[in-house]
Amino acid sequence: MKLYITVPSPFARKCRIVAREKGLADRIEEIVVDPYANAPELLATNPVVQVPTLIAADGFPISDSPVICEWMDSHGTGALLVPQDGPARWRVKRIETLGNAALEMGVKLVLENRRPEHERSPSWIARWTENMARALDALEAADLRAGPLDMGVITAGVAVSWIGFRHPDFDWKTGRPGLVALQAALEQRPSFIATAPT
């Protein structure tokens, strides 16, 4: 199997963490590509040229990190990271969605700030920053713990680590002691250490 990634991508990091937690890492070749250069091998499998993209053992391409992670969850070993049904499933999916939302706002900010200064939109920057903060507040209110590990917890941990890495001027820690403790605990796991953003 192949997993197309960029090392700084938080969405790729989620998949890389799940591969390690589910005992699949030795079966998946991680391939670093440049999606902005329309990497041919990525374009051949994902028409919108986004990472992460997983090529399963049968050659079937899977894109979008929640879908890739759930596929890995169903094909790997150990306890499920996404419960199959009932209230537990929807709680995990809600937390995962909030973490993804915080990341999406953070990515929008990165891309907007790469534009020439005269093309940047202060109103959109303010809106996305507010949305990112609100998503983090909702995660803080969810009272998350590092164990037992699930897809919501992984996504929340990846989100705060990436936001701290990519937006060092954004204070995500003040007023969010639960997320601070969550990050500190998760970043000690081998799967997190091996995939730390650079």
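These figures come from a predicted structure and were not determined experimentally.

**Description of the overall build of the protein chain**
Move 1: Regarding its fold elements, the protein chain presents eight helices and four strands.
Move 2: Along its sequence from the N terminus, the protein chain presents helices and strands in the succession β-α-β-α-β-β-α-α-α-α-α-α.
Move 3: What you see for the protein chain is a C-alpha radius of gyration of 17 Å, in line with the 16 Å of a compact globule of 198 residues.
Move 4: Summarising its shape, the C-alpha atoms of the protein chain cover approximately 45 × 40 × 30 Å along the three principal directions.
Move 5: Within the protein chain, the proportion of its 198 residues that are buried is 47%.
Move 6: Of the contacts formed within the protein chain by residues at least 6 apart in sequence, a portion of 68% connects residues at least 24 apart.
Move 7: Carbon and sulfur atoms provide 56% of the accessible area of the protein chain, an area that totals close to 9900 Å².

**Brief notes about the nonpolar core**
Move 1: By size, the foremost hydrophobic cluster in this structure holds 52 residues, and its most contacted members are M72, L136 and I154.
Move 2: Elements that contribute at least two residues to this core include exactly β1 (2–5), α1 (10–21), α3 (65–75), α4 (86–114), α5 (122–141), α6 (151–166) and α7 (177–186).
Move 3: With nine residues, α6 is the largest single contributor of residues to this core.
Move 4: If sequence neighbours within four positions are ignored, I154 has contacts with I17, V18, L81, L149 and F192.
Move 5: One finds I31, V33, V51 and I55 within the second-largest nonpolar core, a separate group that totals eight residues.

**Quick look at the pattern of salt bridges**
Move 1: Inspection of the entire model under this criterion finds 11 salt bridges.
Move 2: Between D143 and R145 there is a salt bridge whose closest N-O contact spans 2.7 Å.
Move 3: Taking relative accessible area as the criterion, D143 reaches 46% and is therefore assigned partly exposed.
Move 4: If you follow the salt bridges from partner to partner, you end up with E70, R89, K93 and E96 in one network.

**Quick word on the side chain of D150**
Move 1: Tracing the chain through its elements places D150 in the loop between α5 and α6.
Move 2: R91 provides the closest opposite charge to the buried, salt-bridge-free D150, at an N-O distance of 4.8 Å.
Move 3: Engagement of the side chain of D150 in a polar contact is seen with the backbone nitrogen of V153, the distance being 2.8 Å.

**Looking at the sheet that holds β1**
Move 1: Across the sheet, four strands lie side by side as β2-β1-β3-β4; this open sheet has mixed pairing. Taken across any chain shown, the strands that pair with only one partner, and hence form the sheet edges, are β2 (29–32) and β4 (61–63). Neighbour-to-neighbour, the strand axes of this sheet turn through a mean angle of 20 degrees, independent of strand direction.
Move 2: On the sheet, α1 packs against β1 and β2 and is oriented at approximately 150 degrees with respect to β1.
Move 3: Docked against the sheet, α3 engages β1, β3 (53–55) and β4, running at close to 125 degrees with respect to β4.

**Section: the packing of α4 against α6**
Move 1: The N-to-C vectors of α4 and α6 enclose an angle of 20 degrees; their axes lie 7 Å apart at closest approach. Comparing their axes, α6 and α4 come out roughly parallel. By crossing handedness, the relation of α4 to α6 is classed as left-handed. Residue-level inspection shows V92, I95, E96, G99, N100, A102, L103, G106, V107 and V110 of α4 in contact with α6, the latter providing M151, G152, V153, T155, V158, A159, W162, I163 and R166.
Move 2: The residue makeup of the contact of α4 with α6, split by class, is 12 nonpolar, five polar and two charged.

**Quick notes on the pairing of β2**
Move 1: Pairing of β1 with β2 involves four bridges; the strand directions are parallel. Looking across to β2, one finds that Y4 is bridged to I31.
Move 2: Handedness of the crossover joining β1 and β2 through α1 is recorded here as right-handed.

Calculation notes
Residues numbered from 1 in each chain as written. Predicted model: local features only at pLDDT ≥ 70, side-chain atom pairs only at ≥ 80, totals over all residues. Heavy atoms only, no water. Helix = DSSP H or I, 4+ residues; strand = E, 2+ residues; numbered from the N terminus. Rg over C-alpha atoms; globule rule 2.2 N^0.38 Å. Buried < 20%, exposed > 50% of the residue type's maximum accessible area, 1.4 Å probe, protein only. Contact = heavy atoms within 4.5 Å. Areas by Shrake-Rupley, 256 points an atom, 1.4 Å probe, with all protein chains shown as cover. Core = buried A, V, L, I, M, F, W, Y, C linked by side-chain atoms within 4.5 Å. Salt bridge = Lys/Arg side-chain N within 4 Å of Asp/Glu carboxyl O. Lys, Arg positive; Asp, Glu negative; His and termini not counted. Polar contact = N/O pair within 3.5 Å; in protein donor to acceptor, adjacent residues only side chain to side chain. Pairing = 2+ DSSP bridges. Axes fitted to C-alpha atoms, helices over the stretch in contact; angles between N-to-C directions. Parallel < 35°, antiparallel > 145°, perpendicular 65-115°, else oblique. Left-handed = near helix turned anticlockwise from the far one by under 90°. Nonpolar A, V, L, I, M, F, W, Y, C, P; charged D, E, K, R; others polar. Right-handed = clockwise from strand over helix to strand, strands pointing away.

Structural measurements only, silent on function.
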